[in-house]
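Overview (structure and organization)
Each chain, letter by letter, is given below.
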Amino acid sequence: MSETDSALRLLAVHAHPDDESSKGAPMMAKYLAEGHEVMVVSCTDGSRGDIQNPHIVDAPHPRRDMAGARRLEMAAAREILGVDHRWLGFIDSGLPEGDPLPPLPWGSFATLPIEQASAPLVRLMREFRPHVVVAYDENGGYPHPDHIMAHRVAVEAFRAAGQDGAYPDAGAPWAPSKLYYDVSFNPNKVRRIHDALVAAGLTSPYADWIARASENDAEGHRPWTTRHRVTTHVECAEYFEVRDRALLAHATQIDPDGWFFAVPLELRQREWPWEDYALIESAVGFPEEGTTEGDLFAGLR
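Summarised in this report is the structure supplied together with it. Predicted model, so just to flag it, every value in this text is computed and none were measured. (Residues numbered from 1 in each chain as written. Predicted model: local features only at pLDDT ≥ 70, side-chain atom pairs only at ≥ 80, totals over all residues. Heavy atoms only, no water.)

With that settled, consider helix H7 (residues 187-199). Here H7 is 13 residues long and its end C-alpha atoms lie 18 Å apart, about the 18 Å a rise of 1.5 Å per residue gives. Those residues of H7 lying buried are Val190, Ile193, His194, Ala196 and Leu197. Down the axis of H7, the sector holding all buried residues measures 165 degrees, keeping them to one side. H7 presents Asn188 and Ala199 as exposed residues on the side facing more than 90 degrees away from its buried surface. Contacts from the buried residues of H7 go to helix H8 (207-211) and helix H10 (265-271). For H7, the capping residue at the N-terminal end is asparagine 186, with a side-chain oxygen 3.0 Å from the backbone nitrogen of asparagine 188. (Helix = DSSP H or I, 4+ residues; strand = E, 2+ residues; numbered from the N terminus. Expected span 1.5 Å × (residues − 1). Buried < 20%, exposed > 50% of the residue type's maximum accessible area, 1.4 Å probe, protein only. Arc of directions from axis to C-beta. Contact = heavy atoms within 4.5 Å. Polar contact = N/O pair within 3.5 Å; in protein donor to acceptor, adjacent residues only side chain to side chain.)

And the structure:
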């Protein structure tokens, strides 16, 4: 592991294989190109995912062994992104459906005690020693049980990794300097791209989302949006194409004709050339109120 002054380390914690490609892939590609070290963690095996791609709905491998198929897809996406990658080894909880919702499968990731689920991530943080950790917000980015659990585990590991006496069997303490939440559903970004599509006479995949943007959930929050102020815009438009190729590597989960690719690349690059994050904890300070930073490693270089 590099200890040079120029090489910084970033750890991105994700729930399932494919999440790393839909959230943060251009940012990670940018930092890798700068010579920094980036590691992706997949908390679960993705075994309870359905085939989302209508072009391969009858493919025999995923129908027989979804976890195995998704391991191969993750290996292909990792090769495209260039990141290091680790599996935490937990079982996908699935997305429960029905009213009332059925209980989650026994022993799946989202059912585990937080200390049990966090221990391998604490160990990994102490081994990799990231300066920056990127995680989901309290809603999991969207309210899948594994995404919410990935948030809880990432926050627990971030806070515990540097504490003497915490998780004593997980290696020597290391305290990451900054914790960010990914803000994939930034309302300003969605509105900007939606308006640009409409102005160009193109169909917007965000029309329904825009129509429901003023609705609140039972707690008074807007669904699909973070409760945290966007503090950081990472300009990485030249790597949006890398994100597209990495997404397509997850063939069971991504429809190449679906909404992920509904916005032309050039329009995305022009209208919103950033990926957005909220700085939650920092040992090196925060941007001033009303300002944003342009670098997840701000204060560490």
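Now for empty space enclosed by the protein. Over the atoms rolls a probe the size of a water molecule, and its path tells where empty space is left. Per the counting criterion, the structure on display carries two cavities of 30 Å³ or more. Taken together, Ala12, His14, Lys23, Gly24, Met27, Val134, Asp182 and Tyr277 make up the lining of the second largest cavity. (1 Å grid on protein atoms, 1.4 Å probe; cavity = no way out; pocket = protein on both sides within 12 Å on 5 of 7 lines; lining within 4 Å. Points joined across faces, edges and corners; volume = space filled by probe spheres on them.)

We now examine the nonpolar core. Judged by nonpolar contacts, the single largest core of 34 residues is most densely connected at Leu11, Phe109, Leu121 and Met125. Counting residues per element, the ones that place at least two in this core are strand S1 (9-14), strand S2 (37-44), strand S3 (84-90), helix H5 (114-128), strand S4 (132-135), helix H6 (145-160) and strand S5 (178-182). With eight residues, the top contributor of residues to this core is H6. Setting aside residues no more than four positions away along its own chain, leucine 11 makes contact with Met39, Val41, Leu121, Met125, Phe128, Pro130, Val132, Val133 and Val134. In terms of nonpolar packing, the next biggest core, distinct from the first, is built from 27 residues, Leu8, Val38, Val83 and Val134 among them. (Core = buried A, V, L, I, M, F, W, Y, C linked by side-chain atoms within 4.5 Å.)

Turning next to the sheet that holds S1. An order of S3-S2-S1-S4-S5-S7-S6 is seen for the seven strands of this open sheet, with the pairing classed as mixed. At either end of the open sheet lies a strand with only one pairing partner, and these are S3 and strand S6 (232-235). Neighbouring strand axes in the sheet, compared pairwise and without regard to direction, differ in orientation by 25 degrees on average. Of the strand pairs in this sheet, S2 and S3 are connected by five bridges, and their pairing is parallel. The partner of valine 41 across the bridge, within S3, is arginine 86. Sitting on the sheet, H6 is in contact with S1, S2, S4, S5 and strand S7 (274-282), with an inclination near 170 degrees to S5. (Pairing = 2+ DSSP bridges. Axes fitted to C-alpha atoms, helices over the stretch in contact; angles between N-to-C directions.)

This part is about the pattern of salt bridges. Pairs may arise between side chains of opposite charge once their charged atoms sit close together. Counted by the stated rule, this structure contains 16 salt bridges. One salt bridge connects lysine 178 with glutamate 293, and the closest N-O pair in it is separated by 3.8 Å. Of this pair, lysine 178 sits in strand S5 while glutamate 293 sits in the segment after S7, placing them 115 residues apart in sequence. Classification of glutamate 293 by relative accessible area gives buried; the value is 13%. Two residues, aspartate 295 and arginine 301, come together in a salt bridge whose shortest N-O distance is 2.5 Å. A network of salt bridges, in which partner residues are shared, links Lys30, Glu34, Asp295 and Arg301. (Salt bridge = Lys/Arg side-chain N within 4 Å of Asp/Glu carboxyl O.)

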